[in-house]
Amino acid sequence: MTRLFLAVLVAASLQPLTSARANADKVDALLRREMRERRIPGLQVAVVRRGKIELLRSFGIANLQDAVPVSDKSIFAINSCTKAFTGVAIMQLVEEGKINLSAPVSSYLDELPAPWRSITVRQLLTHVSGLPNILNALDPATGKLTGRDDEDAAWAKVQSMPLEFPAGERFSYNQTNYVLLGMIIDKYAGQPFSQFFGERQFRAAGMTNTIFGDSRDVIPRQAPSYRYVRNLDGHALGEERLVFSYAEFPPFRRTASGVNSTAEDVARWLIAVQGGKLLKTKAALKTLWTAGAYNDGSPTQWALGWVIKPRHKHSAVIATGGSRAAFFVYPEDDLAVVVLTNLAGAFPEEFIDELAGFYVPGIPESDPLTALRVRLRDRGFDRAAEVYEDLKKKDSNFRPSETDLNDWAYRMLNGGGKKKEALEIFKLNVSLYPDSANVYDSVAEAYEANGERQLAIKNYRRSLELDPGNRNARQHLKRLDPDYQ
């Protein structure tokens, strides 16, 4: 009996270890496949489960010119993932009673243009403010904002620009929102936001390899960012070329895009966010991850610095940055996945759900795009409509959103070099949303990119029938269709 008991005890103790190793092997295989297909030079991944880092891996080359391999301490730019940190910083001030999310921004900042004053803090965080984008105030001669003088000039210019729409009416991803949030944090934290983040988030979470900066800053162990281009210095290239992806984030914009980190540090931060080290109450965490609302009461796609992925099961809150970095949190599954790369255009958000499925098998099927992508990889994109129908038969609730399909197809069309595959997804979107002017405009662009001029003309015309104000369709028709007036 003793030997039998010991044998059972040993087997039980080995089972989690064996399972973890099996998952690690599957993760390795998936990531190597994605790195090969997406041509990603270097990558880090971290998996957090039940409040602990269960997996930490590094792959590939961090610095191509010197053939420096990626290590767990290599530092990557996380770009707009920074906005999730800004959301936490604002919630810390909310918990201290210094900020009210429903209050107008004029309660906290003086000398704002009159149309800006009634916009709420929550509307800034969720990108429904309608503010003009400060990136449109770039110097037309240089296309850059550098130094204090440029900051002042850009700020003066953006304040003179009209609102894009009344606050709460529409969504518009906008960097001006986070510039204002940075100003609020500076004022009500009593210190520059970079110091507030450093003390209340980086150090509190044990993030020893996290720092603000951009391509101008010397950051030890930083993995430079790269991208593939088809044009260089105004000339078309015979084939795509890998070049440095240079980015400048002036200090006043770094609440939107300024953090550099490692997968391990981001994993530690996610543990701290959920574990009460950064926010005092579960109510604050719930507020952080609750979608905003449009004026008609419908939910926005953004919460407070995070994107919401509502699903029937395995809901996720996510952050993405620079098309090179992403992290997903699955609150009901007590799971999180972090993937950082050094390639603009890697889009790790496209395969994180699949990776998470090695730990919670139901996750890939819960996301319509992931379910489609996995099957189309095997069966071919020309069978997109057939695959959709098969998935719909299995789950009557299966229906990818128009926006998600459109975004995925454009990523393939513009950045992934997959024009034919993109066209099939645009065609699927037309079949699912036949009353949308936008889907016809998009599929027309794909037909045009694939050299199918007459089908492009037909779909631009259909888009104009549904939306006579579609200027993009008019411009394309003037160029493509000699009969268009």
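Let us look at the structure shown here.

The rules behind these values
- Residues numbered from 1 in each chain as written.
- Predicted model: local features only at pLDDT ≥ 70, side-chain atom pairs only at ≥ 80, totals over all residues.
- Heavy atoms only, no water.
- Buried < 20%, exposed > 50% of the residue type's maximum accessible area, 1.4 Å probe, protein only.
- Helix = DSSP H or I, 4+ residues; strand = E, 2+ residues; numbered from the N terminus.
- Pairing = 2+ DSSP bridges.
- Polar contact = N/O pair within 3.5 Å; in protein donor to acceptor, adjacent residues only side chain to side chain.
- Contact = heavy atoms within 4.5 Å.

### Quick look at the pairing of strand S10 (residues 316-321)
With 5 of its 6 residues buried, S10 lies for the most part within the structure. The pairing of strand S9 (residues 307-309) with S10 spans 3 bridges and is antiparallel. Residue pairing across strands places Val307 opposite Ile318, the latter belonging to S10. Two successive antiparallel strands, S9 and S10, enclose a turn made up of 6 residues, where His314 displays a positive phi of approximately 60 degrees. Pairing of S10 with strand S11 (residues 325-330), which is carried by 5 bridges, proceeds in the antiparallel orientation. Residue pairing for S11: Ala319 is matched across the bridge by Phe327. A loop of 3 residues connects S10 with S11, the two strands running antiparallel in sequence, and Gly322 in this loop sits at a positive phi of about 65 degrees.

### A few points about the side chain of Asn260
Within the secondary structure layout, Asn260 lies in strand S8 (residues 259-261). Residue Asn260 is classed as buried on the basis of its relative accessible area of 2%. Engagement of the side chain of Asn260 in a polar contact is seen with the side chain of Gln222, the distance being 3.3 Å. Asn260 has contacts with Ile75, Phe76, Ala77, Ile78, Asn209, Thr210, Ile211, Phe212, Gly213, Ile219 and Gln222, leaving out every residue within four places of it along the chain.

### What to know about the side chain of Thr176
Mapped onto the fold, Thr176 is located in helix H5 (residues 175-189). Using a relative accessible area of 0% as the deciding quantity, one classes Thr176 as buried. If near-sequence neighbours (up to four positions away) are discounted, Thr176 is found in contact with Trp116, Leu131, Pro132, Asn133, Ile134, Trp155 and Val158.

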